[in-house]
There are 2 protein chains.
Amino acid sequence: MNTTDQFQKQIDEGLEKICRELNKQPAELYRPLMYVLEQGGKRIRPLLTLLACNLFDGDVRLALNPSLGIELFHNFSLIHDDIMDNATVRRNKPSVHEKWSKNIAILSGDAMLVKAYELISSAEITPALLQQVLKIFNQTALLVCEGQQLDMNFEKQSVVSIAQYVKMIELKTASLLAGALKIGAVIGGARGEDAERIYSFGKNIGIAFQLQDDILDVYADQEKFGKQKGGDIIANKKTFLLLKSFELAKLNPYKKEELEQWVHAPQFNAKHKVEAVTAIYDFLNVRKIAQEEMMRYYTNGINYLNEIPATENKKKELRMLVEALIRREA
Amino acid sequence: MNTTDQFQKQIDEGLEKICRELNKQPAELYRPLMYVLEQGGKRIRPLLTLLACNLFDGDVRLALNPSLGIELFHNFSLIHDDIMDNATVRRNKPSVHEKWSKNIAILSGDAMLVKAYELISSAEITPALLQQVLKIFNQTALLVCEGQQLDMNFEKQSVVSIAQYVKMIELKTASLLAGALKIGAVIGGARGEDAERIYSFGKNIGIAFQLQDDILDVYADQEKFGKQKGGDIIANKKTFLLLKSFELAKLNPYKKEELEQWVHAPQFNAKHKVEAVTAIYDFLNVRKIAQEEMMRYYTNGINYLNEIPATENKKKELRMLVEALIRREA
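Here's a quick rundown of the structure. (Residues numbered from 1 in each chain as written. Chains lettered and ligands numbered in written order. Predicted model: local features only at pLDDT ≥ 70, side-chain atom pairs only at ≥ 80, totals over all residues. Heavy atoms only, no water.)

### Topic: the interface of chain A and chain B
Listed per partner, the contact involves 39 residues of chain A and 39 residues of chain B. The three residues of chain A that bury the most area against chain B are Leu107, Val114 and Leu142 of chain A, which together make up 17% of that side's buried surface. Taken together, the connections running from chain A to chain B amount to zero salt bridges. Counting across the interface, chain A meets chain B through 10 residue pairs in polar contact (both at pLDDT 80 or more). When residues of the side of chain A that touches chain B are traced back to their parent elements, those giving at least two are helix 2 (27-38), helix 4 (60-84), helix 6 (102-121) and helix 7 (127-156) of chain A. Ranked by residues supplied to the side of chain A that touches chain B, first place goes to helix 7 of chain A with 15 residues. Class assignment for the residues of the side of chain A that touches chain B results in 24 nonpolar, nine polar and six charged. (Contact = heavy atoms within 4.5 Å. Buried area = accessible area lost by both parts, 1.4 Å probe. Salt bridge = Lys/Arg side-chain N within 4 Å of Asp/Glu carboxyl O. Polar contact = N/O pair within 3.5 Å; in protein donor to acceptor, adjacent residues only side chain to side chain. Helix = DSSP H or I, 4+ residues; strand = E, 2+ residues; numbered from the N terminus. Nonpolar A, V, L, I, M, F, W, Y, C, P; charged D, E, K, R; others polar.)

Shown next, in the form of structure tokens:
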């Protein structure tokens, strides 16, 4: 078993243990936490924490509880985001507010956040290190909230620039990956400048992931893609592809009008809309532009990783993980 | 200026500073936090933390940030509870979800909880002490969530026993007062058994406060009472008075039916309902029973305080504060 697989196993076992401990009263509060944690998910974030700790030859056991805390934080944010976004499905199952109620989702999300802090606080690291870890975690948590707020703001804004969009995904998605890595690095004993490098690695990779998500929503192989293709188009989600199209269509009033008609259509056939908007994307070549932009962030990220003075073998584990993620088709 | 007034001033100044720092972007996220903190409130919880620290001759400056964190936690719980309870007014102003939206209230509540942890984590205490404080805080936060869950469960339950009700208010209200005191005591250097005593003091006093709230809602002097009298009766809130009345009315089928008719009335004149239910309370003598029960918890609490080996002067500050609260008329 390679290092990554070993770490994954430790994370899975740790989360199973947490689930067992959550089997308590009041069940209305704790059962949704078990429900969400039992669904799995890729559990990338805790893996990044452990790999980052390992990168600096740290004792990975010390990073396990904080890594699980980060996974719980991620799940807390999904529970609350799903309420705010009216998302009824998560990981092919009803979201918490759909299965139970909004109130249950608010409160069990709150409890999940507290449990996240509990796990982080329970790390058997020197208390001075704990203070450092908590500081990173608190900052990260606020950035994620800021990102979600910007995402909600964008829904009501008619004009969103690419720069604003990238800032939003940096806050909402990339900062947690970056924070997860930095926490692992700090527990692993990384020097300050290397902790910053791994943070920048995570930030850039995180932006690349989200851009890849935007692309996959439209261009994934439906066979391999887990969800409805074109969901972002149907929902008029302001993705990189849509924003870039509006930017480019300024020079082409005909395409601009066509795109606006689809975006503002009060009624439409979903399949036709997805096909038509995809055709506009193709015409404007935004897939390629998005891929180039994605690769730019990806390469930036990898460069930060390369700069870190660690063994090639250990860097390779991280590189392979992010490569698999960026090459994923779902 | 006496000690309590001095501490109150430090708390007010600390919260003002936090408000100034929250004046940042995205405003949609942070402005609700400022809004809530600027409204004031009695700020009892941070005061309890500082008085408890002082009781054990601790350096109160070290307890200030954690005490402010506890106040932020309290405000976070109010923001989220108000969504869950559909409460449109808080401290005579629109609640956050009413003034902005439910989504804003969910997310800014989350940010408030993170800020609470940030304040607690920033205490300039030994890291070992910080771990202890975080442990108390995490446990307290979960108990508060459990209490809110039970409170929501009770709304749907037809039968709630007095014991269940007291357990709920212990979790929802009293555990935060107890936690605030214990955190102050621990920072102040209290021995383990004295930290437990102050916790028990807070728990009992907290239950007494809530029982007093239940009584005041019906029997307060309207002139001095800040809100609509009888609000609990109108909303069929399962308070001590109502639950005790149902218990006693078992022996009196006529009164039981009368009470049930008012509770289940689909339409009613609010003034008439308040008068009629109050008359049933009077007939069953539940005000006196509630007052005796309240005084029992109050006295229990004070006894725990008395057992603590601290100077009489410092105990007196705590005793005067809780006495003023229990004798309040609004």
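Moving on, there is more to tell.
### Looking at the relation of the copies chain A and chain B
When chain A is fitted to chain B, the residual RMSD is 0.0 Å, and the transformation amounts to a turn of 180° plus an axial shift of 0.0 Å. Interpreted geometrically, this transformation is the action of a two-fold axis. Closest approach to the rotation axis within chain A is made by the C-alpha atom of proline 127 of chain A, at a distance of 2.3 Å. (Least-squares fit on C-alpha atoms with pLDDT ≥ 70 in both.)

### Concerning the environment of tryptophan 100 of chain A
All names here are of chain A. With respect to the element layout, tryptophan 100 can be found in the loop between helix 5 (96-99) and helix 6. With a relative accessible area of 28%, tryptophan 100 lands in the partly exposed category. Along the sequence, tryptophan 100 and proline 32 sit 68 residues apart, while their C-alpha atoms lie 8.2 Å from each other. Residues within four places of tryptophan 100 in sequence aside, it is in contact with Arg31, Pro32 and Tyr35. (Buried < 20%, exposed > 50% of the residue type's maximum accessible area, 1.4 Å probe, protein only.)

### A closer look at the environment of valine 263 of chain B
All names here are of chain B. In this fold, valine 263 is placed in helix 12 (residues 253-264). Look at valine 263 and you get buried, because its relative accessible area is 17%. Along the primary structure valine 263 and asparagine 204 are separated by 59 residues, whereas in three dimensions their C-alpha atoms are 30 Å apart. With residues near it in sequence (within four places) discarded, valine 263 still touches Asn236, Leu242, Phe246 and Lys273.

### A few points about the pattern of salt bridges
All names here are of chain A. Applying the stated rule across the entire model yields 50 salt bridges over all chains. Across the pair lysine 244 and glutamate 247 runs a salt bridge whose closest N-O atoms are separated by 3.2 Å. Pair noted here: lysine 244 and glutamate 247 are both in helix 11 (residues 240-249), with a separation of three residues, about one helical turn. Taking the relative accessible area as the measure of exposure, lysine 244 reaches 14% and is therefore buried.

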